[in-house]
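Below, each chain spelled out in residue letters.
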Amino acid sequence: MADSDDAPHRLSLQFDYADERRARIVERSVRVEVGEIDDARSAARVDRDGKQVRVRIGAADLVALRAGANTWTRLLDVAETVAATGGE
């Protein structure tokens, strides 16, 4: 799938952080996966605005959208855990 914005099914996930530094760490950690896990049925984009990280997922069907949402939620969860652990 070329672009998440052109997909028939779309989902936007928004994650808010206490500070911009944490948001930047998480965003940079997961951004490297954009394009790597995309396939013919789904694609995603990641961006950050201050303390907020957004993941936009587009999919050809609802099963692919759910799979994409699960994948990106797990990726963000791991990045958040590592960022929190590294800050201690």
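Residues numbered from 1 in each chain as written. Predicted model: local features only at pLDDT ≥ 70, side-chain atom pairs only at ≥ 80, totals over all residues. Heavy atoms only, no water.

As a further point, take the nonpolar core. In this structure, Tyr17, Val55, Ile57, Trp72 and Leu76 are the most contacted members of the largest nonpolar core, which totals 19 residues. Residue assignment for this core shows that the elements contributing at least two residues are strand S1 (9–16), helix H1 (20–31), strand S2 (42–49), strand S3 (52–59) and helix H2 (62–86). (Core = buried A, V, L, I, M, F, W, Y, C linked by side-chain atoms within 4.5 Å. Buried < 20%, exposed > 50% of the residue type's maximum accessible area, 1.4 Å probe, protein only. Helix = DSSP H or I, 4+ residues; strand = E, 2+ residues; numbered from the N terminus.)

A few words now on H1. Side chains of residues three or four places apart in an α-helix project in the same direction, reflecting 3.6 residues per turn. With 12 residues, H1 should reach 16 Å at 1.5 Å per residue; the first-to-last C-alpha distance of 16 Å fits that figure. Residues of H1 that are buried sit in contact with S2, S3 and H2. One side-chain oxygen at the N-terminal end of H1 lies 3.2 Å from the backbone nitrogen of Arg21; it belongs to Asp19. (Expected span 1.5 Å × (residues − 1). Contact = heavy atoms within 4.5 Å. Polar contact = N/O pair within 3.5 Å; in protein donor to acceptor, adjacent residues only side chain to side chain.)

Interaxial distance between H1 and H2 falls to 9 Å at its minimum, and their mutual angle equals 130°. As judged from the angle between their axes, H1 and H2 are oblique. Of the two possible hands of crossing, H1 and H2 adopt the one that is right-handed. For the pair formed by H1 and H2, the contact residues are Arg22, Ile25, Val26, Ser29 and Val30 on the first element and Trp72, Leu75, Leu76, Ala79, Glu80, Ala83 and Ala84 on the second. Broken down by class, the residue content of the contact of H1 with H2 amounts to nine nonpolar, one polar and two charged. (Axes fitted to C-alpha atoms, helices over the stretch in contact; angles between N-to-C directions. Parallel < 35°, antiparallel > 145°, perpendicular 65-115°, else oblique. Left-handed = near helix turned anticlockwise from the far one by under 90°. Nonpolar A, V, L, I, M, F, W, Y, C, P; charged D, E, K, R; others polar.)

So, on to the pairing of S2. In the sheet, S2 pairs with S3 via eight bridges, with the strands oriented antiparallel. By the bridge assignment, Arg45 is partnered in S3 with Arg56. Connecting S2 to the antiparallel partner S3 that follows it, the hairpin turn spans two residues, and Gly50 within it adopts a positive phi of roughly 65°. (Pairing = 2+ DSSP bridges.)

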